[in-house]
Amino acid sequence: MSDHSSSGNRPLIPGQVAVWLGAVSLLAAGLIVTGYSYLALRQGPNEDAARRQAQKELRAENAKKAQALLTEPARNADGTFRIPLKDAVALVAQDPKVVAKLQAAAGPAPAPAAAPAAPAAAAGAFVKADPEQMKRGAAVYARTCIACHQPTGLGLPPVFPPLANAPIVVGNPELPVKFILQGLMGPITVNGMTYNSMMPPVAGVSDADIADVLTYVRQSFGNQGNPVTADQVKAIRAANAGRTAPWTTAELGLK
Amino acid sequence: MTQDNRSGRPQGRPPEGDVRVSRVEASLRGPFLLFFVSAVIWLLVASVLGVIAALGLGSSVGVLRECSWFTPGRVAAAQQDLFVYGWGFNAFFALNLWLLSQLGRFEFRNGWLAQLGGVAWNLALTYGVARVFAGEMSGYRLLDFPREVGPVLAVAFLLAGFWPIVAFARRPTGHTFASQWFVVGASFAFPLVYLLAQLLVLWQPASGVVQAVAHSWFVANLLQLWFGASALAAIYYFLPKVLERTLTGYYLAPVAFWTFFLFAGWTGPAALVGSPVPLWLQSTGVVAAAMMIIPAIIIAINVHGTLSTQGGWGRAWNDTTLRFVSFGAVAFTLAGVLGGVFAFRAPSAVARFTSFATGLEQLLVYGCATMVVFGASYFVLPRLTGTLWPSAKLVHAHFWATALGFLLALVAWLVGGWQTGQLLANPAVAYADVLRAESSWFFLLTVSSVLLLVGHVAFALNAFGMILKAPAPASRHD
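Definitions and cut-offs
- Residues numbered from 1 in each chain as written.
- Chains lettered and ligands numbered in written order.
- Predicted model: local features only at pLDDT ≥ 70, side-chain atom pairs only at ≥ 80, totals over all residues.
- Helix = DSSP H or I, 4+ residues; strand = E, 2+ residues; numbered from the N terminus.
- Buried ≥ 20, exposed ≤ 12 C-beta atoms within 10 Å, placed from the backbone.
- Contact = placed C-beta atoms within 7 Å.
- Nonpolar A, V, L, I, M, F, W, Y, C, P; charged D, E, K, R; others polar.
- Pairing = 2+ DSSP bridges.

Asks: Would you mind going over the overall build of chain A with me for this structure?
Replies: Helix and strand counts for chain A come out as 12 helices and 3 strands. In chain A, which comprises 255 residues, the proportion classed as buried is 29%. Intrachain contacts of chain A at a sequence separation of at least 6 include 70% that bridge at least 24 residues.

See below:
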């Protein structure tokens, strides 16, 4: 029946076991190659720390640039600055020569003559939002933003960044509008903490909705930012009409 | 001993009056019976747990609710683990070893090594299931066991499940048969997939969604490459063997083998359609699942073509082994076709998050693999023990209870799952109503689990009665 019947000297390792060992070694070789390449490709904890360190340095480098961007006023599609009419009236009423002063301060900014720019005055002219607009904004917030940024506006560290006391939120509304329209991909640093996830673009919100919710966010959770108008949102939407890809902080000069 | 085929008497038996067992089979007796008996015991435990889980879902049995060990989440997980790792693996350890020893004229001289592996496997499994009952699960389906169980199971697999490869390597002739390809493929694929999944999911977890991708990859490989391939090996063996004819279009079988092993490993991400994994990965899974139609069709040509000539279906129906095996073959074809069709995005959008996926899985694991193992044991056990099955009535009870029980459950999973999916997609229907509609199917599942338990008890009674009354292995030492 069998052609492997044992005869003569028995080997140290019987033939069947030798074949078994061979098959196991083959499998182990396959496993080691695959497993090692996985572990080599996978980012270990040390590399993670190194990456974090590099990120920190980059963040320090970009801090000034980011600050400059945040204090810059909103712009129209053609590059001119815009501030709410009420603010402009208030500024001019306060100091009739404000336009000339600002023109001198803004310096290289393109076509600043069309409207008075805000940077110097932003701190001085806080405008309380219309309570109706706040109410509408709260409603939009409750159905759109609340899942990630939470009812408290504190977000969910380390996944979702806070809106409370976040400079980006109260600064130039252009950035938040862009994030709402096209989303934000990749790392962003808020109050010293780096969040590396994705904010999806928010579909189905009108310009008025965005203006309302931003106004709400800019004047809630301890934030003190001026209201945003639907016209501002409309201009930013028009300026980025062709864009579908999410924004990245690298592209916007933040880190 | 002279009953005709219609009596339900198993046909696979030694020649009249000869209780001697061939040397190949005598050498397999120890390991085979260890694997087989532990498989049947685990099957019984899993069936009882299945009834408990079904009762827990369908109605409120207060007594069980009181005990945290019997909360539905733990019972269902333990049931699935025991069915897959206890029954499925032990049964195919036995069957694959027997198949390749037969095909390779392999006299197994190191049975104790395989038995050691079997004991280690069952001990590790017992420990793992105890931890699952204690609530210490990993949370990944079919990788529920705490991670220290993984390496033990892998080593036990190498000891218990690698001997078919040895039998293949030491076959006397160069000629090979389809069954051998599938068993060798399955025996190599499982430990590799299992250890890599352990590494990627539990030991050195990949970040974020990659973990989910690795897990879905593991589940697809486990179901297709272990259960599917092992069952196919048995189908390819028993069909021509019992019918005593060649397979229709057998020249296509190599294509079936290679396409099966090529595409099965890629089907995992098809289960992730709609989740936050890259779109190309989901599409790859969908394409692979659709390509699985190719091996399914070729195997259908091989198997159903053979059954359809010269009254093959009638003979299969009247032969105990073939009745189960051809049930499994039909289930495999159905699983391949349904799996391909429902992997596409539109149907998948309706069927996901419902019991539909369970139905497709069970079509492969129970409808195909388990039924094939039942059929095979009706063929193998009489040869190995040198006796006949004690009761034909129990054989009938076994077939009808398992076949009906499985079909009932299949209808509940597939139809109920599809209905649930459509209700979920309809915003006008309240979620409570969806749940109410879904729970109406639980009655069917409860009936089915009881039927399956009855069938398995009948099978176990018959098998254990047979093993106990078997004469001592006469030809082993002469």
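Asks: Would you mind going over the interface of chain A and chain B with me for this structure?
Replies: One frequently used descriptor of interface size is the decrease in accessible area upon assembly of the parts. Taken together, the contact pairs 20 residues of chain A with 24 residues of chain B. Within the side of chain A that touches chain B, the residues separate by chemical class into 11 nonpolar, 7 polar and 2 charged.

Asks: Can you help me understand the environment of Trp266(B) in this one?
Replies: All names here are of chain B. Inspection of the secondary structure puts Trp266 in the loop between helix H9 (253–264) and helix H10 (279–291). Overall, Trp266 belongs to the buried group, with 20 C-beta atoms counted inside 10 Å. Each C-alpha atom of the pair Trp266 and Phe133 lies 32 Å from the other, and the pair is 133 residues apart in sequence. In contact with Trp266, not counting residues within four places along its chain, are Thr284, Gly285 and Ala288.

Asks: Please explain the pairing of strand E1 (residues 184–190) of chain A as it appears in this structure.
Replies: On any regular strand, side chains alternate: one points to one face of the sheet, the next to the other face. All names here are of chain A. Taken together, the 7 bridges between E1 and strand E2 (residues 193–199) define a ladder with antiparallel strand orientation. Within E2, the residue paired with Val190 across the bridge is Met193. Hairpin remark: E1 followed by E2, antiparallel, with 2 residues in the connecting loop; positive phi at Asn191, about 50°. In terms of strand pairing, E1 meets strand E3 (residues 247–248) through 2 bridges, oriented parallel. When the bridges of E3 are listed, Leu184 appears paired with Trp247.

Asks: Could you clarify how one ought to interpret helix H11 (residues 293–308) of chain B in this entry?
Replies: Quick reminder: α-helices carry 3.6 residues per turn. Residues three or four places apart thus point the same way. All names here are of chain B. Residues of H11 that are buried: Pro295, Ala296, Ile298, Ile299, Ala300, Asn302, Val303, Thr306 and Leu307. Of the surrounding elements, those touching the buried residues of H11 are helix H8 (209–243), H9, helix H12 (312–318) and helix H13 (320–341). Positive phi appears at Gln310, one or two residues downstream of H11, with a value of about 50°.

Asks: Hey, could you run me through the environment of Val373(B) in this one?
Replies: Residue and element names in this part refer to chain B. As for its placement among the helices and strands, Val373 is situated in helix H15 (residues 356–385). Residue classification places Val373 among the buried residues on the basis of 28 C-beta atoms within 10 Å. Separated by 278 residues in sequence, Val373 and Leu95 place their C-alpha atoms 7.4 Å apart. In this view, Val373 contacts Ala91 and Leu95; residues no more than four positions away in its chain are not counted.

Asks: Even after reading the chapter, I still don't get the sheet that holds E3(A), so can you show me in this structure?
Replies: What holds strands together in a sheet is hydrogen bonding between their backbones, with the strands either parallel or antiparallel. In spatial order, the strands read E2-E1-E3 (chain A); together these 3 strands make up an open sheet with mixed pairing. If you trace the sheet from one side to the other, it starts and ends with E2 and E3 of chain A, each paired once.

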